[in-house]
Structures are given as C-alpha cells and as structure tokens.
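Residue-level listing of the chains:
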Amino acid sequence: MSRAQLTRTGILRMALGGGGADPLLPAEGGGGRRAPFLLRALRIAVVVCLYWFTSIAMVFLNKYLLDSPSLRLDAPLFVTFFQCALTAALCLGLSLGAACGPPCPGLPALRLDPKVSRSVLPLSAVFIGMVTSNNLCLKHVGVAFYNVGRSLTTVFNVLLSYLLLKQTTSLYALLACGVIIGGFWLGVDQEGAEGTLSWTGIFFGILASLCVSLNAIYTKKVLPVVDGSIWRLTFYNNVNACVLFFPLMMLLGEFHTLYHFDKLGSPSFWGMMTLGGVFGFAIGYVTGLQIKFTSPLTHNVSGTAKACAQTVLAVICFEETKSFLWWTSNLMVLGGSFAYTWVKGLEMRKVQEDPNVKSSERNETGV
C-alpha cells in the first residue's frame, strides 16, 4: 500500500477492525434477512473494484506529482503537506455536514483542543515519517518495484510485536516472513542488475515499512485520548502534521523550490494535487467498505492481488522489460504476504473458537 493505503488506511483499518461502526458505511440489511446471493456477490465485486481503482490510481497520481519529467517538481514534502491539509479540511467538512444534517454519532463535531493535540503529537511524528518515507520511496523507485521496495511491513510487525509487546509468532508465520525477506533481497539484486536500483528509494522503503508498523502501535495507544473516534484522530493527526511540515520544508529549501516552480499558477497542476489528496483520503473509506462487505482476511488477500495487478500495470504503462528473476522476487513477496495473512487468519479463528481462551485474550489476538 502507498500513502495509500497508508496515508490513513492503517488507522481506519484498525478502527473498523476493532468493532466500531463507521457512520459513512451503509448498514447491513435489517430484520435478519440476508440479501440474495447474486446481489451480495455483485455488491462485493463493486466494492473490491472500487478499492482497486482508488488504490492504484492514488499510487500513479502520487508518482506523477513526485517524479514526473513533465512536471519537474522537486518538493515531496510540499506534496505530502498539501494532502494532509486537504484531509484535515475534508474531515472538518464532513463534520460540519453531519452537524447540519441528520444526527450522526460517529461523526463528532471537530474543534481543535491544544491539550489533545499535544497528546496526539507522538503519533503525528510517526505519521509524518510514514507518509513522507512512502512518498520518497515512490519518488526514487518505479511504480513496478514500489510494492517490493516497501514490502517489509509484515516483518517489522512481527519484530516489533516481539520487542515491544512480547508476543511470539508461529513457525509457519516466520517462514512466510522469510519468503518475504528473500523476495525483497532478490528484487533489490535484480534492480541492481538492470541498472535501475536506487539505494535512496530502498532506504525510504525500509523506513516506510518500519513507520507503518510503529503507526499501528501508537494509534492503539492514542485512540483513548480522542475517545476512540477515528475521525477525530485523523483530524488531529493531519493538523499536527501540517504544522510540523513547515519547518521541515523550510529546512530543505522547498519554499525556494516552489517560488521558482513554473507551474505554480497552473490550474491543471492544482487539479492534480487536489485529485491526489482526494484519492488519499478516499482510500481509507473504500478500505473500510471492503472490510465491511468481506472480512479483514479477504481484504488482505485483495490487497495482495491488487499489488500484483498494480505491478503488471506499471510494467505495461511504462513499457518496461523485466527479467524472470525480477518477476520471481515479486511473486515471492506477494506469496509470502498471502501465506502470512492466511496463517494468521487460521490462528485467529482457532483462538476465537477455543472455549478455554479468555475473552480478553481473544480480543488481544484479534487486534
């Protein structure tokens, strides 16, 4: 997943997985009656296609904004800052819309509380590292290699779960992580053999994987500060990020770059920037839809298949030629991710069905 799938996807996925209903998601059929099979299948197909389209489009849009030869804008922090500002504005707009319309308890009135903002600040720092490193990885590597470049999130999840939470991982899950690591290193080797390797992109890809894992841990800690409201957390997170981005942009000279940017007054440029921000915000919503109408396990499988389609589409669109071993590295990463998801799904189902496991332990495993 990209800023994508990152950009607020991890937070929304945690909230939805935690059992809280999203007020923006359509409710299931009432009265205990289930929709006909064909209707349910069609609805699921539409939701999955919507997720695929939004996620893939967001990656390609961000690649254009970050590294397009025709645009020539070397200001990745500004692109990320703009998307965070737009997300905060959209959250505020949704909140005001809910206040003017029918009551919607899941969309609370948003106001900026400095005390809450300070409490969310540690998460915001990790969040900045996550979205910035994702965008910098995408800037320095091709879209085709992007999935492999930041494929170590699962590995960091296992490592941090052991180091910080003292949670062990099964042998089969560790073997799946080994396949992912092997695919990552094979991909790096093949990128180097083809002369397209960017060690800067690899560095930011690894950093992005680490930050995604840390973001999930800090989100869990900070959610009680905002009364468990994912919308309030998203709002504070992005407002804090906007404030923190200013000194970073000044330090890296991006204001000077923007001053000399020849397309700063172009409506098409701002249209693409706005579209990228809207897709970045929308990915969290469509992720929630996919989880609601399928399951977290199916969502992860769908995400893995989407990454495969995204890679193939990028190779075709950019007219690239890749070796057999390069494709093997992608298959190893995707296969390892699928295997890990499947193993963890089976383990969670076994724990949920075991009557000897306490409910608190079931909830911890689910999270």
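Here the residue index of a chain counts from 1 through its sequence in written order. For a predicted model such as this one, the threshold for reporting local features is a pLDDT of at least 70, and the threshold for listing and counting side-chain atom pairs is 80 or more; totals across whole chains, interfaces and linings nevertheless cover every residue. To obtain the side-chain values, all non-hydrogen atoms of the structure were included, while hydrogens and water were left out.

Some points on the overall build of the chain
Spelled out, the test is: By definition, any uninterrupted DSSP run of H or I lasting at least four residues is a helix, any uninterrupted run of E lasting at least two residues is a strand, and each is numbered from the N terminus. To sort residues, take the accessible area from a 1.4 Å probe on protein chains only and compare it with the maximum for the residue type: under 20% means buried, over 50% means exposed, and anything in between is partly exposed. The criterion used for residue contact is that any of the two residues' heavy atoms lie within 4.5 Å. Accessible surface is estimated by sampling points in the Shrake-Rupley manner with a 1.4 Å probe; for residues, cover comes only from the protein chains shown.
Secondary structure assignment for the chain yields 14 helices and zero strands. Starting at the N terminus and ending at the C terminus, the chain contains elements arranged as α-α-α-α-α-α-α-α-α-α-α-α-α-α. Residues classed as buried in the chain amount to 47% of the 367 residues present. When contacts within the chain are restricted to residue pairs at least 6 apart in sequence, long-range pairs at least 24 apart make up 84% of them. Of the roughly 17,900 Å² of accessible surface on the chain, a fraction of 68% belongs to carbon and sulfur atoms.

A closer look at helix α12 (residues 296-317)
Here is the rule we go by: Given a helix with a known number of residues, its expected span is that number minus one, times 1.5 Å.
Counted at 1.5 Å a residue, the expected span for α12 with its 22 residues is 32 Å, and the 31 Å between its end C-alpha atoms agrees. Of all the residues in α12, the buried ones are His 299, Ser 302, Gly 303, Thr 304, Lys 306, Ala 307, Gln 310, Thr 311, Ala 314 and Val 315. Trailing α12 by a residue or two, Glu 319 shows a phi angle of about 55°, which is positive.

Notes on the UniProt feature "transmembrane region" (unreviewed entry) in the chain
What counts is decided by this rule: UniProt positions are given in the numbering used here, feature names are shortened, and annotations may be inferred rather than shown by experiment.
Here the UniProt feature "transmembrane region" (unreviewed entry) sits at residues 41-65, 77-99, 119-137, 144-165, 171-188, 200-218, 238-257 and 269-291. Along residues 171-188, the helical share is 100% and the strand share 0%, with 26 Å between the first and last C-alpha atoms. In this annotation, residues 200-218 is assigned 100% helix and 0% strand; the end-to-end C-alpha distance for the span is 26 Å.

Description of the side chain of Ser 266
As a reminder, the rule being used: For this analysis, a polar contact is any N or O atom pair within 3.5 Å, provided that within protein one partner can donate a hydrogen and the other can accept it, and provided that sequence-adjacent residues contribute only side-chain to side-chain pairs.
Note on placement: Ser 266 falls in the loop between α10 (254-259) and α11 (267-293). Looking at Ser 266, its side chain comes within polar contact range of the side chain of Ser 268, at 2.8 Å.

Description of the packing of α11 against α12
What counts, and what does not: Axis geometry follows a simple rule: fit a line to the C-alpha atoms, using only the stretch in contact for helices, then measure angles between N-to-C directions, giving values from 0 to 180 degrees. Just so you know how the angles are binned, under 35 degrees is roughly parallel, over 145 roughly antiparallel, 65 to 115 roughly perpendicular, and the rest oblique. Here is the rule for handedness: rotate from the far helix to the near one, and if that takes an anticlockwise turn smaller than a right angle the crossing is left-handed, while a clockwise turn gives right-handed. Under this grouping Gly is polar, as are all residues other than the nonpolar Ala, Val, Leu, Ile, Met, Phe, Trp, Tyr, Cys and Pro and the charged Asp, Glu, Lys and Arg.
Remark: α11 packs on α12, axes separated minimally by 7 Å, with the N-to-C direction vectors making an angle of 125°. Looking at the two axes, α11 sits oblique to α12. Seen from above, α11 lies across α12 with right-handed handedness. On α12, the residues that touch Thr 287, Gln 290 and Ile 291 of α11 are Pro 296, His 299 and Ser 302. For the contact of α11 with α12, a count of residues per class yields two nonpolar, four polar and no charged.

Comments concerning the nonpolar core
Convention followed: Definition of nonpolar core: a set of buried residues of the types Ala, Val, Leu, Ile, Met, Phe, Trp, Tyr and Cys, connected through side-chain atoms within 4.5 Å.
Residues Leu 73, Phe 78, Phe 145, Phe 245, Phe 269 and Met 273 are the most contacted members of the largest nonpolar core, which totals 54 residues. Excluding residues that lie within four positions of it along the chain, Phe 78 makes contacts with Met 249, Glu 254, Leu 258, Phe 269, Trp 270 and Met 273. Core analysis: the next-biggest nonpolar cluster, separate from the first, contains 16 residues, Val 116, Leu 123, Trp 231 and Phe 281 among them.

Let's talk about the packing of aromatic side chains
Aromatic ring pairs are described here by two measures, namely the spacing of the ring centres and the angle between the planes. Stated formally: Only Phe, Tyr and Trp rings are paired, with Trp represented by its six-membered ring, and only when their centres lie within 6.5 Å; those with planes under 30 degrees apart are stacked, over 60 edge-to-face, the remainder tilted.
Overall, the coordinates contain 15 aromatic pairs when judged by the stated rule. Between Phe 60 and Phe 318, the ring centres sit 6.1 Å apart and the planes meet at 5°, which makes this aromatic pair stacked. Of this pair, Phe 60 sits in helix α2 (residues 37-67) while Phe 318 sits in the loop between α12 and α13 (324-353); the two residues are 258 residues apart in sequence, bridging distant segments of the chain. Given the relative accessible area of 43%, Phe 318 is considered partly exposed. Taking 6.1 Å as the distance between ring centres and 85° as the angle between the ring planes, the aromatic pair formed by Phe 78 and Trp 270 counts as edge-to-face.

What to know about the pattern of salt bridges
Put simply, the rule reads: The term salt bridge refers to a pairing of a side-chain nitrogen on Lys or Arg with a carboxyl oxygen on Asp or Glu at a separation within 4 Å.
What the rule picks out here adds up to nine salt bridges. The shortest N-O distance in the salt bridge between Glu 194 and Lys 322 comes to 3.4 Å. Of this pair, Glu 194 sits in the loop between α7 (171-193) and α8 (199-222) while Lys 322 sits in the loop between α12 and α13, placing them 128 residues apart in sequence. Across the pair Glu 320 and Lys 322 runs a salt bridge, and its minimum N-O distance is 3.6 Å. With relative accessibility at 28%, the residue Glu 320 sits in the partly exposed group. For Lys 322, a relative accessible area of 17% gives the class buried. Where salt bridges share partners, they join Glu 191, Glu 194, Glu 320 and Lys 322 into one cluster.

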